[in-house]
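Take a look at the letters that make up each chain.
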Amino acid sequence: MADVEELQHENQSPEKKPRYKGKHDKPKPWDDDPNIDRWKVEKFDPAWNPTGMLEVSSFSTLFPQYREKYLQDSWPTIESALKQYGVACKLNLVEGSMTVSTTRKTRDPYIIVKARDLIKLLSRSVPAPQAIKILEDEVQCDIIKIGSLVRNKERFVKRRQRLVGPNSSTLKAMEILTDCYILVQGSTVAAMGSFKGLKQVRRVVEQGMRNELHPVYQIKDLMMRRELAKDPALATESWDRFLPKFRKSNVQQKKPKSKEKKEYTPFPPPQPPSKVDKQLESGEYFLNENKKSEKKWQEKQEKQTEKTIEKKRMRDASFVPPEEPVQSSNNSNKYEEGKKDLTELTQSLKSKTKELKKQKKTQEKVNAEEYIAVTSGDKSSKKKSKVVRD
């Protein structure tokens, strides 16, 4: 009987309805409506909420001291911009904080979240005219914290500079490609734009700070995607074959080959002796604690004496007279040659003086009359008479 009833039940309902997990997960009639654009952000109409807010909600944030003067000057413009949406704001210079809160005139329930983002951007050094744009429905913001991504400070500064680029060219290129306003300040990156652009900015910043991919390569990828998006034929196709692939190449440096080739041994190297093995070899392991302490004290005293001797030697070294420079072999040879020349000169002078003395002695003995030739007797008599007169 039960089998017959089951067969009848199956015949009655041949098409079973699909079951859904949740109570409200059933398909709705407007899910397949082609006229509805689900990505469109509609502008808020105050007529949707005529009664206003039931509860007062507020947000506050602190700002650094160097922003105090700027905020004080630009606060009237911020206050007038928030007043249009029925949001009250307060600047507390004593505590160094900014506060925004809803009022009875507030109609848009999400505007308080936008006001919270506004004071966050102002505290992160975003200019007031740019930060006020966050109150628009199409503009969103994202504050990316990069301080915890890199531990080393020098490396952090280097990678943060990559995001800015030379003469802030990389940052300008990213702003053009993502249609976002980007400001790198301290340990955060503040970005303002659409949801799609903010997602791209976050990916570029995080991968650049983690050293996964350089921002320049990310910009090339974004440029390719922008060009591919213009072609409607590629809207349903995968773009992986067109996009460039940047892979990390770990170039291993070749170690210099040693000249001496080590012989291959199948046995592993001997295990180095442990602290206990060294104590067993020296016999220290079997000593008492008192003897161990005495031994340590003796070693300490020996080291101290060695150090004192070394320091004394260093002190005495300053009083040691410097060694006189030794004449080189060339100078000594020249000196010897000079000596030889002097001896030769003295000998030659001595020999010349001896010769002169001998000549003088010989001149004294010789008579000049013997060498004079007499021609006649008169002349000889005259000369003789002259000689006598003398």
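Here the structure is shown first, and the text comes after it.
What counts as what
- Residues numbered from 1 in each chain as written.
- Predicted model: local features only at pLDDT ≥ 70, side-chain atom pairs only at ≥ 80, totals over all residues.
- Heavy atoms only, no water.
- Helix = DSSP H or I, 4+ residues; strand = E, 2+ residues; numbered from the N terminus.
- Buried < 20%, exposed > 50% of the residue type's maximum accessible area, 1.4 Å probe, protein only.
- Pairing = 2+ DSSP bridges.
- Axes fitted to C-alpha atoms, helices over the stretch in contact; angles between N-to-C directions.
- Contact = heavy atoms within 4.5 Å.
- Phe/Tyr/Trp six-rings, centres within 6.5 Å; stacked < 30°, edge-to-face > 60°.
- Lys NZ or Arg CZ within 6 Å of the ring centre and 35° of its normal.
- Left-handed = near helix turned anticlockwise from the far one by under 90°.
- Nonpolar A, V, L, I, M, F, W, Y, C, P; charged D, E, K, R; others polar.
- Salt bridge = Lys/Arg side-chain N within 4 Å of Asp/Glu carboxyl O.
- Patch = residues over 30% accessible without salt bridge, like charges linked within 9 Å, V, L, I, M, F, W, Y side chains within 5 Å.
- Areas by Shrake-Rupley, 256 points an atom, 1.4 Å probe, with all protein chains shown as cover.
- Lys, Arg positive; Asp, Glu negative; His and termini not counted.
- Charge placed at Lys NZ, Arg CZ, Asp CG, Glu CD.
- Parallel < 35°, antiparallel > 145°, perpendicular 65-115°, else oblique.

J.: Explain unusual backbone geometry to me, please; I cannot follow it from the model alone.
T.: For residues other than glycine, phi is negative in most cases, and the peptide bonds are mostly trans. In this model, Asp-179 sits at a positive phi of 55°, which is unusual for a non-glycine residue. Relative to the helices and strands, Asp-179 resides in the loop between helix 6 (169-178) and strand 5 (181-185). According to the relative accessible area criterion, Asp-179 is exposed, its value standing at 56%. Of note in this structure, Asn-211 is not a glycine but carries a positive phi near 65°.

J.: Explanation requested: the sheet that holds strand 1 (residues 58-62) in the structure shown.
T.: Sheet strands line up and pair through hydrogen bonds in the backbone, either parallel or antiparallel. Spatial strand order, 1-3-2: three strands in an open sheet with antiparallel pairing. The open sheet has two free edges, formed respectively by strand 1 and strand 2 (87-92), since each of these has just one partner strand. Neighbour to neighbour, the strand axes of the sheet diverge by 15° on average, direction disregarded. Here strand 1 pairs with strand 3 (residues 97-102) via five bridges, running antiparallel. Its bridge partner lying in strand 3, Ser-58 is registered against Ser-101. Most of the contacts of helix 2 (residues 68-83) go to strand 2, to which it runs at about 165°, and overall it touches strand 2 and strand 3. In this fold helix 3 (residues 111-123) packs onto strand 1, strand 2 and strand 3, with an angle of close to 170° to the strand it touches most, strand 3.

J.: What exactly am I supposed to notice about the packing of aromatic side chains here?
T.: Pairs of aromatic rings are described using the distance from one ring centre to the other and the angle between the two planes. The full count for this structure, using the stated rule, is two aromatic pairs. Considering the side-chain rings of Phe-44 and Trp-48, the 5.6 Å spacing of their centres and the 80° angle between planes classify their relative orientation as edge-to-face. With relative accessibility at 23%, the residue Phe-44 sits in the partly exposed group. When the centroid spacing of 5.5 Å and the interplanar angle of 90° are considered together, the rings of Tyr-285 and Phe-286 count as edge-to-face. Tyr-285 gets classed as partly exposed once you look at its relative accessible area, which sits at 43%. The ring of Phe-59 is capped by Arg-116, whose NZ or CZ atom sits 5.5 Å from the centre of that ring.

J.: Please explain the packing of helix 6 against helix 7 (residues 195-209) as it appears in this structure.
T.: Helix-helix packing is described using two parameters, namely the angle between the two axes and the distance between the axes. Remark: helix 6 packs on helix 7, axes separated minimally by 9 Å, with the N-to-C direction vectors making an angle of 150°. Pair helix 6 / helix 7 crosses with right-handed handedness. The residues of helix 7 that touch helix 6, namely those facing Met-174, Leu-177 and Thr-178, are Gly-197, Gln-200, Val-201 and Val-204. Here the contact of helix 6 with helix 7 is composed, by residue class, of four nonpolar, three polar and no charged.

J.: Is there a simple way to think about the pattern of salt bridges in this case?
T.: Side-chain pairing between opposite charges can occur once the charged atoms of the two side chains come close. Here the structure, examined in full by the defined rule, presents nine salt bridges. One salt bridge connects Glu-227 with Lys-230, and the closest N-O pair in it is separated by 3.4 Å. Since its relative accessible area comes to 59%, Lys-230 is described here as exposed. Overlapping salt bridges, with partners in common, bring together Asp-142, Arg-202 and Glu-206 in one network.

J.: Sorry, what's going on with a positive patch on the surface here?
T.: Together, Lys-303, Lys-307, Lys-311, Lys-312 and Arg-315 make up a region of like positive charge exposed at the surface. As for its position among the elements, Lys-312 is in helix 10 (residues 289-317).

J.: Can you help me understand the packing of helix 2 against helix 3 in this one?
T.: Their axes nearest at 13 Å, the elements helix 2 and helix 3 cross at an angle of 165°. Judged by the inter-axis angle, helix 2 sits roughly antiparallel to helix 3. Two packed elements cross with a definite hand, and for helix 2 against helix 3 that hand is right-handed. Two secondary-structure elements touch here, helix 2 through Leu-71, Ile-78 and Leu-82 and helix 3 through Ala-115, Leu-118 and Leu-122.

J.: How do you make sense of a nonpolar patch on the surface when you look at a structure like this?
T.: Taken together, Val-276, Leu-280, Tyr-285 and Phe-286 make up a surface patch of nonpolar side chains, about 410 Å² in accessible area. By the element assignment, Tyr-285 lies in the loop between helix 9 (275-282) and helix 10.

J.: I keep staring at the sheet that holds strand 5 and nothing clicks. Help me out?
T.: The strand order 4-6-5 describes an open sheet built from three strands, whose pairing is antiparallel. Bordering the open sheet on either side are strand 4 (140-145) and strand 5, each of which pairs with just one other strand. Taking each pair of neighbouring strands and ignoring which way they run, the sheet shows an average axis angle of 15°. In this sheet, strand 6 (residues 188-193) lies alongside strand 4 in antiparallel orientation, the contact comprising six bridges.

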